[in-house]
Amino acid sequence: MERLDKRTAFHKLLYKLLFAVYDKGLRMIIENPATEPNYLITGQNFPKPTIIDKNRMLRGDYFKKPTAYWFVNCNPTNGRTIQNDKKQKIIDKCKSSPVAGLCSEERSMISPDYARNFICDFIIGKIQKNSQCYLEF
Amino acid sequence: MEIKGKVHCFFEQSGTFKNEFIKLGIPSEDYDIQNNFGQTDNVIDLFAEIERAYGGGGTAYLTPSRPTT
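Residues numbered from 1 in each chain as written. Chains lettered and ligands numbered in written order. Predicted model: local features only at pLDDT ≥ 70, side-chain atom pairs only at ≥ 80, totals over all residues. Heavy atoms only, no water.

Asks: Would you mind showing me how to read helix 1 (residues 14-23) of chain B here?
Replies: Since one α-helical turn is 3.6 residues long, residues separated by three or four positions face the same way. Those residues of helix 1 of chain B that sit buried are B:Ser14, B:Thr16, B:Phe17, B:Lys18, B:Glu20 and B:Phe21. In the core, the buried residues of helix 1 of chain B are packed alongside helix 3 (112-123) of chain A together with strand 1 (7-10) and strand 2 (28-32) of chain B. At the exit of helix 1 of chain B stands B:Gly25, carrying a positive phi of roughly 90°. (Buried < 20%, exposed > 50% of the residue type's maximum accessible area, 1.4 Å probe, protein only. Helix = DSSP H or I, 4+ residues; strand = E, 2+ residues; numbered from the N terminus. Contact = heavy atoms within 4.5 Å.)

Given below as structure tokens:
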């Protein structure tokens, strides 16, 4: 019940943040896991994610961990950096959070390489050394 | 997308993204109620600030200084 109450409270806050951002015309990018079951993607009356990165390891992260991103009042750029140089960490083998309904720090960790590659690929459209070219239709 | 001002990063792992924005030459700050690594720029209750912004009284980083495009 504690977990359910926390989830409801967090969802309400997210909706309020979305409202404030829409109301003020701000640009925002939301990140949330895209693993199943997913309460934002499938279970709630919530906008569909703009993109889903199905394998973060390909952009330099430690986890495969499918992750959804919502681009609010903005659009992603269309880059593709390849950096698959980390030893994989498994979510289930990471430490759990001591608090019900919250993700542990280890499970939430994002590598600096992934953060940089995400920014370059989807936010600023910067071509890097490992950027891949591809056809656009 | 063009970023003319500062990027504001919220919640967990905001420091990771903040640092990478800065390395890429884009000014950035992070905001979180925790400061486990001693690097959080703004140690603040974001939940309370979201409630204030929703209620119409949001603080500076949730209120644009000029109209956004």
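Asks: Mind showing me how you'd approach the sheet that holds strand 3 (residues 42-43) of chain B here?
Replies: Residue and element names in this part refer to chain B. Here we have three strands laid out as an open sheet, ordered 1-2-3, and parallel in their pairing. Of all strands in the sheet, those with a lone pairing partner are strand 1 and strand 3, marking the two edges. When strand 2 meets strand 3, the two strands line up parallel, connected through two bridges. What sits directly across from Tyr31, in strand 3, is Asn42. Packing against the sheet, helix 1 makes contact with strand 1 and strand 2, and its axis sits at approximately 175° to strand 2. (Pairing = 2+ DSSP bridges. Axes fitted to C-alpha atoms, helices over the stretch in contact; angles between N-to-C directions.)

Asks: What should I look at first to understand the interface of chain A and chain B in this one?
Replies: Buried accessible area, meaning the area lost when the parts come together, often serves as the stated size of an interface. Contact residues are listed per partner, giving 31 residues for chain A and 23 residues for chain B. The contact between chain A and chain B buries some 2600 Å² in all, and 70% of this surface belongs to carbon and sulfur atoms. Put simply, chain A and chain B have one salt bridge between them. On inspection of chain A and its partner chain B, the count reaches four residue pairs in polar contact (both at pLDDT 80 or more). Elements represented by at least two residues in the side of chain A that touches chain B include exactly helix 1 (2-24), helix 2 (105-108) and helix 3 of chain A. Broken down by element, the side of chain A that touches chain B gets its largest block of residues, eight residues, from helix 3 of chain A. Of the residues belonging to the side of chain A that touches chain B, the class tally is 19 nonpolar, six polar and six charged. (Buried area = accessible area lost by both parts, 1.4 Å probe. Salt bridge = Lys/Arg side-chain N within 4 Å of Asp/Glu carboxyl O. Polar contact = N/O pair within 3.5 Å; in protein donor to acceptor, adjacent residues only side chain to side chain. Nonpolar A, V, L, I, M, F, W, Y, C, P; charged D, E, K, R; others polar.)

Asks: What's the story with the layout of surface pockets in this structure? I'm lost.
Replies: It is the rolling of a water-molecule-sized probe over the atoms that shows where space remains empty. Residue and element names in this part refer to chain B. Of the volumes computed, that of the second largest pocket is approximately 430 Å³. Residue lining of the second largest pocket: 22 residues in total, with Gln13, Ser14, Gly15, Thr16 and Phe37 positioned closest to the centre. If you list the elements that add at least two residues to the lining of the second largest pocket, you get helix 1 and strand 2. For the lining of the second largest pocket, the per-class residue count stands at five nonpolar, 11 polar and six charged. (1 Å grid on protein atoms, 1.4 Å probe; cavity = no way out; pocket = protein on both sides within 12 Å on 5 of 7 lines; lining within 4 Å. Points joined across faces, edges and corners; volume = space filled by probe spheres on them.)

Asks: For this particular structure, what's the right way to read the sheet that holds strand 1 (residues 28-33) of chain A?
Replies: Whether parallel or antiparallel, the strands of a sheet pair through hydrogen bonds between backbone atoms. Residue and element names in this part refer to chain A. The three strands lie next to each other as 1-3-2, forming an open sheet whose pairing is antiparallel. Single-partner strands in this sheet number two, and they are strand 1 and strand 2 (51-53). Direction aside, neighbouring strands of the sheet carry axes that sit 25° apart on average. Of the pairings in the sheet, the one linking strand 2 to strand 3 (residues 67-72) comprises three bridges and is antiparallel in character. Bridged to Ile52 within strand 3 is Ala68. The strands that helix 1 touches are strand 1 and strand 3; relative to strand 1, the one it contacts most, it runs at about 160°. Strand contacts of helix 3: strand 1, strand 2 and strand 3, with the helix running at about 45° to strand 3, the strand carrying the most contacts.

Asks: What is the right way to look at helix 2 (residues 46-54) of chain B in this model?
Replies: Residues and elements named next belong to chain B. All of the buried residues along helix 2 are Leu46, Glu49, Ile50 and Ala53. Along the axis of helix 2, the buried positions cluster into a sector of 105°, meaning they face one direction only. Its side-chain oxygen placed 3.1 Å from the backbone nitrogen of Phe47, Asp45 serves as the N-cap of helix 2. (Arc of directions from axis to C-beta.)

Asks: Please explain the packing of aromatic side chains as it appears in this structure.
Replies: Aromatic rings considered in pairs are described by the distance between their centres and by the relative angle of their planes. Tallying each qualifying case throughout the model produces 11 aromatic pairs over all chains. Their ring planes at 55° and their centres at 5.7 Å tell us that A:Phe10 and B:Phe47 sit as a pair that is tilted. Taken together, the residues A:Phe10 in helix 1 and B:Phe47 in helix 2 connect one chain to another. Of the residues examined, A:Phe10 reaches a relative accessible area of 29% and is grouped as partly exposed. Residue B:Phe47 is classed as partly exposed on the basis of its relative accessible area, which comes to 36%. One residue, A:Arg56, lies across the ring of A:Tyr114, its end atom 5.3 Å from the ring centre. The aromatic ring of A:Phe63 is capped on one face by A:Lys65, whose charged end is 5.9 Å from the ring centroid. (Phe/Tyr/Trp six-rings, centres within 6.5 Å; stacked < 30°, edge-to-face > 60°. Lys NZ or Arg CZ within 6 Å of the ring centre and 35° of its normal.)

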